[in-house]
Amino acid sequence: KAGVTQTPRYLIKTRGQQVTLSCSPISGHRSVSWYQQTPGQGLQFLFEYFSETQRNKGNFPGRFSGRQFSNSRSEMNVSTLELGDSALYLCASSQAPSVYEQFFGPGTRLTVL
Amino acid sequence: QKEVEQNSGPLSVPEGAIASLNCTYSDRVSQSFFWYRQYSGKSPELIMSIYSNGDKEDGRFTAQLNKASQYVSLLIRDSQPSDSATYLCAVAPYNQGGKLIFGQGTELSVKP
């Protein structure tokens, strides 16, 4: 079974731009969660989607948003990029929100200049 | 107090030894606990999940959970150099869907 895929793998943007990251979950998985990983803050929860609905949101500004499509694929968007948004963005999928085992994709490395 | 705390590393053990990684959590009603392994430059990989008090064994890995003490640990027996990685403890808070709270991770180095 194919794992979680994320595109693009690497991205370089400048301050003020916006970016969209994509995630395709494991086949049959319907819940997608997004995390940000930085050396200083570690892995932090951004939000979770199930059945095209955001079920939970972490403590991030409104510049961070996401959505989920009917095929369970998910996208996250960051607008008005700041230097501090440079991070590894990880998507994780699980069968359902009540099934907590989450499997991570390879991540998207975002660099903001 | 951080929600999930782990030993500050790095932890260095000789090949063949037992590596012991520890984690404490603050939310007493948390129900689900996980250990992830993350190699440098890679994404986290789920290696163990545990939901009930006691021990859970999977190959060379044993997870231990003590909810009364709010403590979860991971033992790696017969440590190999390929086990050298950062180990992340994750806790699923009660009734918060798919949210996981991660510790800062413990870097393990297994010396040949």
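Residues numbered from 1 in each chain as written. Chains lettered and ligands numbered in written order. Predicted model: local features only at pLDDT ≥ 70, side-chain atom pairs only at ≥ 80, totals over all residues. Heavy atoms only, no water.

S.K.: Sorry if this is basic, but what is going on with the interface of chain B and chain A here?
M.R.: You'll often see interface size given as the accessible area lost when the parts meet. With 18 residues of chain B at the interface, the matching set in chain A holds 21 residues. Summed over both partners, the interface of chain B with chain A comes to about 1600 Å²; 53% of that surface belongs to carbon and sulfur atoms. Seen at the junction of chain B and chain A, the total is zero salt bridges. Elements with a contribution of two residues or more to the side of chain B that touches chain A: strand 4 (32–38), strand 5 (45–50) and strand 9 (85–92) of chain B. A total of four residues in the side of chain B that touches chain A trace back to one element, the largest contributor, which is strand 4 of chain B. Residue composition of the side of chain B that touches chain A, by class: nine nonpolar, eight polar and one charged. (Contact = heavy atoms within 4.5 Å. Buried area = accessible area lost by both parts, 1.4 Å probe. Salt bridge = Lys/Arg side-chain N within 4 Å of Asp/Glu carboxyl O. Helix = DSSP H or I, 4+ residues; strand = E, 2+ residues; numbered from the N terminus. Nonpolar A, V, L, I, M, F, W, Y, C, P; charged D, E, K, R; others polar.)

S.K.: Explanation requested: the packing of aromatic side chains in the structure shown.
M.R.: Two numbers describe a pair of aromatic rings. These are the distance of the centres and the angle of the planes. Here the structure, examined in full by the defined rule, presents ten aromatic pairs over all chains. Residues A:Phe104 and B:Tyr36 carry aromatic rings whose centres are separated by 5.4 Å and whose planes lie at 80 degrees to one another, so their mutual orientation is edge-to-face. With A:Phe104 in strand 10 (residues 103–104) and B:Tyr36 in strand 4, this residue pair bridges two chains. Residue A:Phe104 is classed as buried on the basis of its relative accessible area of 11%. Residue B:Tyr36 is classed as buried on the basis of its relative accessible area, which comes to 0%. (Phe/Tyr/Trp six-rings, centres within 6.5 Å; stacked < 30°, edge-to-face > 60°. Buried < 20%, exposed > 50% of the residue type's maximum accessible area, 1.4 Å probe, protein only.)

S.K.: How do you make sense of the nonpolar core when you look at a structure like this?
M.R.: Nonpolar side chains in soluble globular proteins generally cluster together in the buried interior. By size, the foremost hydrophobic cluster in this structure holds 24 residues, and its most contacted members are B:Trp35, B:Val72, B:Leu74, B:Ile76 and B:Tyr87. Core analysis: the next-biggest nonpolar cluster, separate from the first, contains 21 residues, A:Val19, A:Trp34, A:Phe60 and A:Leu81 among them. (Core = buried A, V, L, I, M, F, W, Y, C linked by side-chain atoms within 4.5 Å.)

S.K.: Explain the sheet that holds strand 1 (residues 4–6) of chain B here, please?
M.R.: All names here are of chain B. The strand order 1-3-8-7-6 describes an open sheet built from five strands, whose pairing is antiparallel. Looking at which strands have only one partner, the edges of the open sheet turn out to be strand 1 and strand 6 (54–58). Between one strand axis and the next, the sheet turns through 20 degrees on average, direction left out of account. When strand 7 (residues 61–66) meets strand 8 (residues 71–76), the two strands line up antiparallel, connected through six bridges. Residue pairing in the sheet places Phe61 in a bridge with Ile76 of strand 8. (Pairing = 2+ DSSP bridges. Axes fitted to C-alpha atoms, helices over the stretch in contact; angles between N-to-C directions.)

S.K.: Even after reading the chapter, I still don't get the environment of B:Asp58, so can you show me in this structure?
M.R.: All names here are of chain B. Tracing the backbone shows Asp58 in strand 6. Residue Asp58 is classed as partly exposed on the basis of its relative accessible area of 45%. Residues Asp58 and Ile76, spaced 18 residues apart in sequence, show a C-alpha to C-alpha distance of 9.9 Å. The contact partners of Asp58, leaving out residues within four places of it in the chain, are Ile47 and Met48.

S.K.: What is the right way to look at the state of the cysteines in this model?
M.R.: Each disulfide consists of a covalent bond between the sulfur atoms of two cysteine residues. Here the structure, examined in full by the defined rule, presents two disulfides over all chains. Each sulfur in the disulfide pair A:Cys23 and A:Cys91 lies 1.7 Å from the other. Judged by the torsion about the S-S bond (-45 degrees), the A:Cys23/A:Cys91 disulfide is left-handed. Here A:Cys23, found in strand 3 (residues 19–24), pairs with A:Cys91, found in strand 9 (residues 87–94); they are 68 residues apart in sequence, far enough to count as distant. The exposure classification of A:Cys23 matches that of A:Cys91, with both residues buried. Sulfur-sulfur distance for the disulfide between B:Cys23 and B:Cys89 comes to 2.1 Å. Here B:Cys23 and B:Cys89 share a disulfide; its torsion about the S-S bond, -70 degrees, makes the bridge left-handed. Separated by 66 residues along the polypeptide, B:Cys23 in strand 3 (residues 19–25) and B:Cys89 in strand 9 bring together distant segments of the chain. (Disulfide = S-S within 2.5 Å.)

S.K.: Would you take a moment to explain the pairing of strand 7 of chain B for this structure?
M.R.: Along any regular strand, the residues point their side chains to alternate faces of the sheet. Residue and element names in this part refer to chain B. In this sheet, strand 7 lies alongside strand 6 in antiparallel orientation, the contact comprising five bridges. Residue pairing across strands places Glu57 opposite Thr62, the latter belonging to strand 7. What sits between strand 6 and strand 7 in their antiparallel hairpin is a turn of two residues, with Gly59 showing a positive phi close to 65 degrees. The antiparallel hairpin formed by strand 7 and strand 8 contains four residues in its connecting segment, where Gln70 sits at a positive phi of about 55 degrees.

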